[in-house]
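Structure at a glance
Residue-level listing of the chains:
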2 protein chains.
Amino acid sequence: MKRSLRDWSTSQLAGLPNDGCYLVGVSGGRDSVVLLHWLSANGYRKLIVCHLEHALRGSAGKADARFVAQLAKACGLQFESGAADIRSIALKSKQSIETAARNERLAFFTNVARRRSCLTIFLGHHADDQVETFLMRLFRGAGGKGLASMQERSTHGPLEIVRPLLRIWRSEIDGYVAEHRLKFREDASNSEMVAQRNRIRHRVIPYLEKQFGRQIRTSIWRAAMIAAEEDVFFETLFPPELSDVLPLSAKPLRDMPVAVQRRFLHQWLRARKVADVGFELVERVRQLLDSANRVAKTNLPKDRHVRRRGGQVFLE
Amino acid sequence: MKRSLRDWSTSQLAGLPNDGCYLVGVSGGRDSVVLLHWLSANGYRKLIVCHLEHALRGSAGKADARFVAQLAKACGLQFESGAADIRSIALKSKQSIETAARNERLAFFTNVARRRSCLTIFLGHHADDQVETFLMRLFRGAGGKGLASMQERSTHGPLEIVRPLLRIWRSEIDGYVAEHRLKFREDASNSEMVAQRNRIRHRVIPYLEKQFGRQIRTSIWRAAMIAAEEDVFFETLFPPELSDVLPLSAKPLRDMPVAVQRRFLHQWLRARKVADVGFELVERVRQLLDSANRVAKTNLPKDRHVRRRGGQVFLE
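For clarity, every value in this text was computed on a predicted model and none was experimentally measured.

1. Let's talk about the pattern of salt bridges
- Summed over the entire model, instances satisfying the criterion amount to 47 salt bridges over all chains.
- Note that glutamate 316 of chain A is salt-bridged to arginine 309 of chain A, the shortest N-O span being 3.8 Å.
- Classification of glutamate 316 of chain A by relative accessible area gives partly exposed; the value is 35%.
- A salt bridge links glutamate 316 of chain B to arginine 307 of chain B; the nearest nitrogen and oxygen atoms lie 2.9 Å apart.
- When salt bridges with common partners are traced through the structure, they connect Glu98, Asp129, Glu132, Arg170, Arg197 and Arg201 of chain A into a single cluster.

In structure tokens form, the structure reads like this:
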């Protein structure tokens, strides 16, 4: 599996000339250090290195930030840093640590992008990240929208996100680190943040490889890449304005294919800030669309509910 | 998890009044015996019991057929049987035993349906079948169309297929068998046919339950049900006539979302009887759509190929 730098495809960099200005997210861990090195080796000179200190690792977190600052300096690149107390944000917003960290990073990147007028960011997610994320979501009960995986190119508000390593495996990144004798920070993300992911990485995937052979990673990776693109397609079906419609007319939605009803209701409920939108909840709301159904009300978390009245669906 | 007969939802029987005539597929195994018993208990009197002898199990196969014939007689129902040499069909068509058996059963059911002018068939697939099938396909590298799972209602040519047990777990079926002291044929399908499935059933799913808890079955079941409906939706996008278009115009297809390109090319290649249509093949053909790509030809199995010429895509 070992491939050297020269073999890694640069097709993901198409349309992103190396004399342009780009952000690059660097945690200080192996993957982002390799990404930064590889972009430099491909002639990218005007990178702005962005690091968000998670305040989860105490002094280790500060050392990560210092490490990344020094790395940027050594490469002659600009450096932008921020800090967020992920644990208290997660607690307050009732998100998992991983989700809260992800959202805070994206908010930080967006902020830097706007301030520096530099809207494209490189992130170091690789093929194993993709496989692990897909399995985590599948095992948590996500389908459809919830299985939508990472894309090589995507947008988040004004931010254009590029993941040039999404086809590269961790073993290849290890090979790259060895070949170039790169230094990085071990375990740069808090272990609490990745307990579930570690179980998938160190136990479940090796177990599945033993049962079905090594190609199983590629199999799951493919399913994840397909799911990511199918999500893009469904997004094109529903312009964001559609989520603002209230009340909904039951009949036209009921006449759509079930998959469209589910995707739409998922987006509609999330846009209304309903907590914990999952399969069961979407199905309960979907059943309300049928006026032959005597039940005309279903409860949501936090004392809210959805009600059907006169062929219209209200959220109260 | 044990629920008795009275608790099983009959919502899947809506629109199928019990005084109508229906086919029911009965292998003689636990699931189909329970299905038959449950339909009878729900007042279905004009069922035609259909059994395809697989000629894989020798005398055991013949005993299965006799068992089902007797069961039908005891219930006062009509009986239709057929036989197919699945092994040689699988060899000749280069399909897996499981796929060949499935296709032969569907062909047999369709034949009976036409002859008896009775186009709806009940099949005994349950929730664990759904979960196992989803994982088998995922681990083999299927995504999108390939992950499309079984639906509670679907069609196959003129045949309408209804799976009333698709929300019922194997443990509940076991409970039903015990409660009603039902007799059935053990291992009514050939073990060769289900080696991969058995590994998923007896090793992988118990392992995942140990790692992530019992709800993991429900999680995967949900993803499978969603994938099934998303496939229905994509099917509505592409009328079958579209698959007959040859050559294809590259530009309009290239302007569609990637997910649509993939689903369409998958269907198009299969309609042209291309063998082993998988992710890599679809991606190679998809890359041909881009006229900026210097490569204008890609090889298919059996010495066939796809070629782009003057903005058109040919299959030769």
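Back to the text.
2. Side note on the packing of aromatic side chains
- Applying the stated criterion across every chain, the model contains 23 aromatic pairs over all chains.
- Geometrically, the ring pair formed by phenylalanine 139 of chain A and phenylalanine 212 of chain B is tilted, given 5.0 Å between the ring centres and 45 degrees between the ring planes. Placement of phenylalanine 139 of chain A in helix H5 (residues 127-140) and of phenylalanine 212 of chain B in helix H7 (residues 195-212) is noted, with the two residues assigned to different chains.
- Relative accessible area serves as the criterion here: at 13%, phenylalanine 212 of chain B is assigned to the buried category.
- Measuring from ring centre to ring centre gives 5.3 Å for phenylalanine 233 of chain A and phenylalanine 234 of chain B, while their planes differ by 35 degrees; the resulting arrangement is tilted. Of the two residues, phenylalanine 233 of chain A sits in helix H8 (residues 216-237) while phenylalanine 234 of chain B sits in helix H8 (residues 216-237), which places them in two different chains.
- Given a relative accessible area of 6%, phenylalanine 233 of chain A falls into the buried group.
- Of the aromatic side chains, those joined through ring pairs into one cluster are Phe233 and Phe234 of chain A together with Phe233 and Phe234 of chain B.
- Positioned over the ring face of phenylalanine 314 of chain A is arginine 309 of chain A, at 4.8 Å from the centre of the ring.

3. Description of the relation of the copies chain A and chain B
- Take chain A, turn it by 180 degrees, move it 0.0 Å along the axis, and it overlays chain B with an RMSD of 0.0 Å. A rotation of that kind, with that shift, is consistent with a two-fold axis.

4. Comments concerning the interface of chain A and chain B
- Each partner contributes to the interface: chain A provides 41 residues, whereas chain B provides 41 residues.
- In terms of surface lost to chain B, no three residues of chain A exceed Phe139, Phe212 and Phe233 of chain A, which account for 17% of the buried area on that side.
- The tally of links from chain A across to chain B stands at four salt bridges.
- When the shortest N-O distance is used, the salt bridge between arginine 263 of chain A and glutamate 230 of chain B registers 2.7 Å.
- In this structure, the connection of chain A to chain B is made through 11 residue pairs in polar contact (both at pLDDT 80 or more).
- The class makeup of the residues in the side of chain A that touches chain B is 24 nonpolar, eight polar and nine charged.

5. Digging into empty space enclosed by the protein
- Tallying each qualifying case throughout the model produces three cavities of 30 Å³ or more.
- Computed from the structure, the largest cavity encloses a volume of approximately 200 Å³.
- Lining the largest cavity are 17 residues, and of these Leu147, Ala227 and Glu230 of chain A together with Ala227 and Glu230 of chain B lie nearest its centre.
- Breaking the lining of the largest cavity down by element, the ones donating at least two residues are H8 of chain A together with H8 of chain B.
- Approximately 40 Å³ is the volume attributed to the second largest cavity.

6. Some points on the sheet that holds strand E10 (residues 312-315) of chain B
Residue and element names in this part refer to chain B.
- A sheet is described by the order of its strands in space; here four strands give the open sequence E7-E10-E9-E8, paired in antiparallel fashion. Each having just a single partner strand, strand E7 (248-249) and strand E8 (297-300) make up the two edges of the open sheet.
- Examined bridge by bridge, E7 and E10 share two bridges and lie antiparallel to one another. Looking across to E10, one finds that serine 249 is bridged to glutamine 312.
- Where helix H11 (residues 279-288) meets the sheet, its contacts fall on E8 and strand E9 (304-309), and the angle it forms with E8 comes to roughly 160 degrees.

Parameters and conventions
All chains use their own residue numbering, which begins from 1 and follows the written sequence. All chains are assigned letters beginning at A, and all ligands numbers beginning at 1, according to the order in which they are written. Per-residue local features of the predicted model are confined to residues with pLDDT of at least 70, and side-chain atom pairs are confined, for both listing and counting, to 80 or more; whole-chain, interface and lining totals are unaffected and use all residues. In computing side-chain values, all of the structure's heavy atoms are included and hydrogens and water are not. Put simply, a salt bridge is a Lys or Arg side-chain nitrogen that is within 4 Å of an Asp or Glu carboxyl oxygen. Three labels apply to residues, based on accessible area from a 1.4 Å probe with only protein chains included: buried if under 20% of the type maximum, exposed if over 50%, partly exposed otherwise in between. Aromatic rings from Phe, Tyr and Trp, with only the six-membered ring used for Trp, were paired whenever their centres fell within 6.5 Å, and each pair was classed as stacked if the ring planes differed by under 30 degrees, edge-to-face if by over 60, and tilted otherwise. For the purposes of this entry, the term helix denotes a DSSP run of H or I that reaches at least four residues, the term strand denotes a run of E that reaches at least two, and both are numbered from the N terminus. In our convention, an over-ring charge means Lys NZ or Arg CZ found within 6 Å of a ring centre and within 35 degrees of that ring's normal. A least-squares fit on C-alpha atoms brings the copies together, and the residues used are those whose pLDDT is at least 70 in both copies. Two residues form a contact once any of their heavy atoms are found within 4.5 Å. Buried area is calculated as the accessible area (1.4 Å probe) missing from two parts once they are joined, with the contributions of both summed. Side-chain atoms alone can form a polar contact between residues adjacent in sequence; in general such a contact is a pair of N or O atoms within 3.5 Å, and within protein one must be able to donate a hydrogen while the other accepts it. Throughout, the ten residues Ala, Val, Leu, Ile, Met, Phe, Trp, Tyr, Cys and Pro are labelled nonpolar, Asp, Glu, Lys and Arg are labelled charged, and all others, Gly among them, are labelled polar. For each structure, a 1 Å grid was placed over the protein atoms alone; sets of points admitting a 1.4 Å probe that cannot get out are labelled cavities, open sets with protein on both sides within 12 Å along at least five of seven lines are labelled pockets, and lining residues have an atom within 4 Å of a point. Grid points are joined across faces, edges and corners, and a volume is the space filled by probe spheres set on the points. Here, strands pair whenever DSSP counts at least two bridges between them. Axis definition: a line fit to C-alpha positions, over the contact stretch in the case of helices; interaxial angles, taken between N-to-C directions, run 0 to 180 degrees.

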